[in-house]
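Here are the chains, one letter per residue:
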Amino acid sequence: MSNVIKMILKRLGLGVLTLLLLSLLIFLSVEALPGDLAETILGQQATPENVAAIRKELGLDLPAHTRYLNWLGGMLQGDFGNSLALKKPISGLIAPRLQNTLFLTLYTACIAVPLALILGMAASLFRNGYFDRISNATALSAISMPEFFVGYIMIYFFALSGYFPSMANINPNTPFIDKLYVCFLPALTLTLVVTAHMMRMTRAAIINVLALPYIEMANLKGVKPRRVIVLHALPNAVAPIVNVVALNLAYLITGVVIVEIVFVFPGLGQLMVDGVKFRDVPVVQATALIFASAYVGLNLLADIISTITNPRLMRQR
Amino acid sequence: MTKAIPTKAKTKTPAKAKAKAPAKAKPKQGDILLQMRNIHIKGKSDESWIDIINGIDLDLYRGEVLGLIGESGAGKSTLGLAAMGFCRDGCKITDGSISFDGMDLMQMDKSSLRELRGKRIAYVAQSAAASFNPAHKLLDQFCEAPLVHDVMSRNDASQYAIDLYDRMNLPSPETFGLRYPHEVSGGQLQRAMTAMALSCRPDLIIFDEPTTALDVTTQIEVLAAIKDIVKEFNTAAIYISHDLAVVAQMADRIKVLLKGDEVEQAPTEIMLKKPSQEYTKSLWAVREHTRKEQPAVKNQTPVISIKSVTAGYHSSVDVLRDVSFDIHKRRTVAVVGESGSGKSTTARVVTGLLPPRMGSIEFQGETLPAQYQSRSREQLRHIQMIYQMADTALNPKLRIRDLIARPAKMYLGLTGKALDDRVRDLLHMIEMEPDQFIDRLPSELSGGQKQRIGIARAIAAEPTVIICDEVTSALDQLVAEGILKLLDRLQSELDLSYMFITHDLATVRAIADEVVVMKDGDVVEQGIKSKMFKPPHHPYTELLLGSVPEMDSKWLDRLLDSRGKDNLGDAAIAKMNKKS
């Protein structure tokens, strides 16, 4: 047991280290962007005096490593700095957006993950049969279509006929049930995009396990095929499946910009795109760091889950 | 049908067993239980179907144990599984009839077959470690069949499991089932699998090489447990093995298979004393091959001298403790021991793969650097290795020509015509026709041929010493014998010394001049072969020697009588450790 705690602490430490390196990378790449922030802000009024004043005000006259440490220190205390374009604290901008993004991610995950697991298990049960081929072909077609295309197809079929709204413009006061209704189309679009990957990994991981002697043993004990897959194969195929699920969830948090735009959804992705558009460096840095944390955190979670579901790691002799 | 073997083994409280077992009238002995007629099974190889079983008949009576014997590829497992109406993927039963207790298995649908499997016909697989699901506890796996088949409740099944675990002499039977498969030893796992097969009190159990992967001392406890339980429950069994001596202990009747055909069949006693077919006789004869021990040489610098070596892997535990022995010119030193005794670790120290914590290796009187990276090419050339799994030791992408040429080129600098001639010479030496084999890939060779290539590769470097690590363990007996004879011949032709690592005492008897017995990283006894096989022995050597099954169907019963059921395998070793 203590082995596992040690392992988790080690992974946690590595995760923090990864994030530190990423923050440095984000900082340096923004630093390397051409042009001067002060001049961009001032535009026409960029006289040398004004530029110097602004630089002093934003702390741009300090050496790079001091600015990095200040930025990092602020981040750790939850202070993301101020948005240059909107002149407001970034934490206030990010909080509702992050909430929305997490909501959409969870919503999609609740549909996509069970769907992918069930389809994957069914495909492995009827492998090389019609069900397997049809579900594989469908999933592959869904993943091959660009997201905006899927999004507009959804709007064409479900929104134009009036069943669901085409705009998912929610705010913090929207009731939960309404949120579910309004966000149905973006969630469905994202489901189509991520299910294929998870389903195919589930199928492959289970079929891999099905070739092992303990599966033959289960068959020779007279266990029904469905039970063999769910009780004997799935628990031993958890590790690869959990990892793919984690990668897809991370993608849902970070990569949904296009879907957000199609459905006018106020998520983090839009905030980042706006930040880039207006050269709002602190916003870009903050969102980039949140995305990075999502990736690192979810992968850490996947590692932990695949460890605690493996008795050989949990109960070492 | 009466049992050929007299009932001597102590049966422990049969009354208690019957009370706890599900209510079922004890079947009468003597009725026919399984009747297989003219069975044909084909297997898919690439795109064509090849014959695996060509028309075998098999009868089995209630309470009878039938031994199936043969080399790999004989079709033993396939036939055993067919008795359950089961075929592995890529196989199909093309003809014949299988009748189990009056039911025609060939005509049954899948769900009726499932009803039989696990409930009335159970299976015990070769490797329990691979055949238990690593994700579930032993007890849950035990209870699965009774629950799936609705034979008893979870509570009754658990009680029954504890009862069986107790009968199988498993440690703390009350809590044994709460462990995961990786938490118990190989011998215990194999007994737990036998218990699992009994969970629904089947009429027939198929034992598929249940002790092949075990050490000899562990093998005995499993054999004793199986024998005891089969007798007590009057279960019919098919016992599949390539090891005659083992089958002789278990079976009432033996059937010999060769490449999918039946060679002959007879009651065990008759089969042992008077096999009628040439093939069976040749199987019997293998164990009689012995080489004359070569006279000991005195006052000569040993080729390899292992001096007080203590070594271990990453953790602080020492895998070897103060190991010392010498290997002299043109002699074979057999290093014997069970898994985990440190045999292969010794080989790793000698080759420089694992630097020792203390002690050193001397080659012809001169100390070798501890790590192979620091040894000169010439020093490396003198010590070569042959591995257990020829399959994985040969690069599958290289042709035989390149596999053998590489060491000749690297160590001796041969090129062009000289190199080609050398490769051909080497192939002649290992009795393989160069023109036929030189351009083949390893995948186009049989197991024995691959091992021969491994030998050719080792002697291509013109070494002084060859370390043979279980080189015959993965081979059939007849093929293994050929390899041993080849090694013998090469030794006298090339003045080689061998360090021969093995767990098989029959092999030691066949080839060794000197024997080193290892246990848990210590050398417990060493000496010349003729002395080692004569008493008095170190207690561990005695245990090892006494645990090797003999070609006598009464051997196990006698052994159980003399040692007692609670004094086998792990238990015996534990007791011995306490005494010393």
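Residues numbered from 1 in each chain as written. Chains lettered and ligands numbered in written order. Predicted model: local features only at pLDDT ≥ 70, side-chain atom pairs only at ≥ 80, totals over all residues.

### Considerations on the sheet that holds strand S11 (residues 304–311) of chain B
Residues and elements named next belong to chain B. Judged by pairing direction, the sheet is antiparallel, and its 4 strands sit side by side in the order S12-S11-S14-S15 without closing on themselves. Each edge of the open sheet carries a strand with a single partner, namely strand S12 (320–327) and strand S15 (366–367). Bridge analysis of strand S14 (residues 358–363) against S15 gives 2 bridges, and the strand direction is antiparallel. Considered in S15, the bridge of Phe-363 is made with Glu-366. Across the sheet, helix H13 (residues 343–351) lies against S11, S12 and S14, angled at about 115° from S11, the strand it touches most. (Pairing = 2+ DSSP bridges. Helix = DSSP H or I, 4+ residues; strand = E, 2+ residues; numbered from the N terminus. Contact = placed C-beta atoms within 7 Å. Axes fitted to C-alpha atoms, helices over the stretch in contact; angles between N-to-C directions.)

### Topic: the nonpolar core
With 163 residues, the main nonpolar core has Ala161(B), Ile238(B) and Tyr239(B) as its most contacted residues. Here this core gets 14 residues from one element, more than from any other, and that element is helix H9 (residues 184–210) of chain A. Leave out the neighbours within four places in its chain, and Tyr239(B) touches Val65(B), Leu66(B), Gly67(B), Phe207(B), Val247(B), Met250(B) and Ala251(B). (Core = buried A, V, L, I, M, F, W, Y, C linked by C-beta atoms within 7 Å. Buried ≥ 20, exposed ≤ 12 C-beta atoms within 10 Å, placed from the backbone.)

### Some words on the domain arrangement of chain B
All names here are of chain B. For chain B, the assigned domains read domain 1 (36–285) and domain 2 (304–540). Facing 7 residues of domain 1, the contacting portion of domain 2 comprises 6 residues. Classifying every residue of the side of domain 1 that touches domain 2 by side-chain character gives 1 nonpolar, 4 polar and 2 charged. (Domains from an automatic or database assignment. Nonpolar A, V, L, I, M, F, W, Y, C, P; charged D, E, K, R; others polar.)

### Thoughts on the interface of chain A and chain B
Facing the 16 residues of chain A at the interface are 23 residues of chain B. Every element with two or more residues in the side of chain A that touches chain B is listed here: helix H10 (213–220) and helix H16 (311–314) of chain A. Of all the elements, H10(A) adds the most residues to the side of chain A that touches chain B, at 4 residues. Looking at side-chain class alone, the side of chain A that touches chain B contains 8 nonpolar, 3 polar and 5 charged residues.

### A look at the pairing of strand S8 (residues 236–241) of chain B
Residues and elements named next belong to chain B. Counted residue by residue, S8 has 6 buried out of 6 residues, so it is predominantly covered. Burial of S8 is two-sided: the residues Ala-236, Ile-238 and Ile-240 facing one way and the residues Ala-237, Tyr-239 and Ser-241 facing the other way are all buried. As paired elements, strand S3 (residues 65–69) and S8 share 5 bridges and run parallel to each other. When the sheet's bridge partners are listed, Leu-68 is paired in S8 with Ile-240. Pairing geometry for strand S7 (residues 204–208) and S8, over 5 bridges, is parallel. Bridge pairing links Phe-207 to Tyr-239 in S8. The parallel pair S7 and S8 is bridged by helix H9 (residues 216–233), and the resulting crossover is right-handed. (Right-handed = clockwise from strand over helix to strand, strands pointing away.)

### So, the sheet that holds strand S19 (residues 514–519) of chain B
To summarise the sheet geometry, strands pair through backbone hydrogen bonds and adopt either a parallel or an antiparallel arrangement. All names here are of chain B. Pairing is mixed in the open sheet, where 6 strands are placed in the order S16-S17-S18-S13-S19-S20. In this open sheet, the two strands that pair with only one neighbour each are strand S16 (383–386) and strand S20 (522–528). Direction aside, the axes of adjacent strands within the sheet are offset by 15° on average. Across 5 bridges, the pairing between strand S17 (residues 465–469) and strand S18 (residues 497–502) is parallel. If you follow Asp-469 over to S18, its bridge partner there is Ile-501.

### Some thoughts on the packing of helix H14 (residues 268–277) of chain A against helix H15 (residues 281–308) of chain A
Residues and elements named next belong to chain A. Between H14 and H15, the least distance of the axes is 8 Å, while the angle of their chain directions is 145°. Seen along the crossing, H14 lies across H15 with a hand that is left-handed. Each of Leu-268, Leu-271, Met-272, Gly-275 and Val-276 in H14 lies in contact with H15, whose residues at this interface are Val-283, Val-284, Thr-287 and Ile-290. Of the residues in the contact of H14 with H15, the class split is 7 nonpolar, 2 polar and no charged. (Left-handed = near helix turned anticlockwise from the far one by under 90°.)

### Topic: the confidence of the model for chain A
Per-chain confidence: chain A averages 85 in pLDDT, with 97% of residues scoring 70 or above. H10(A) holds the highest mean pLDDT among the elements of chain A, 92, whereas helix H2 (residues 37–42) of chain A holds the lowest, 70. (pLDDT = per-residue confidence, 0-100.)

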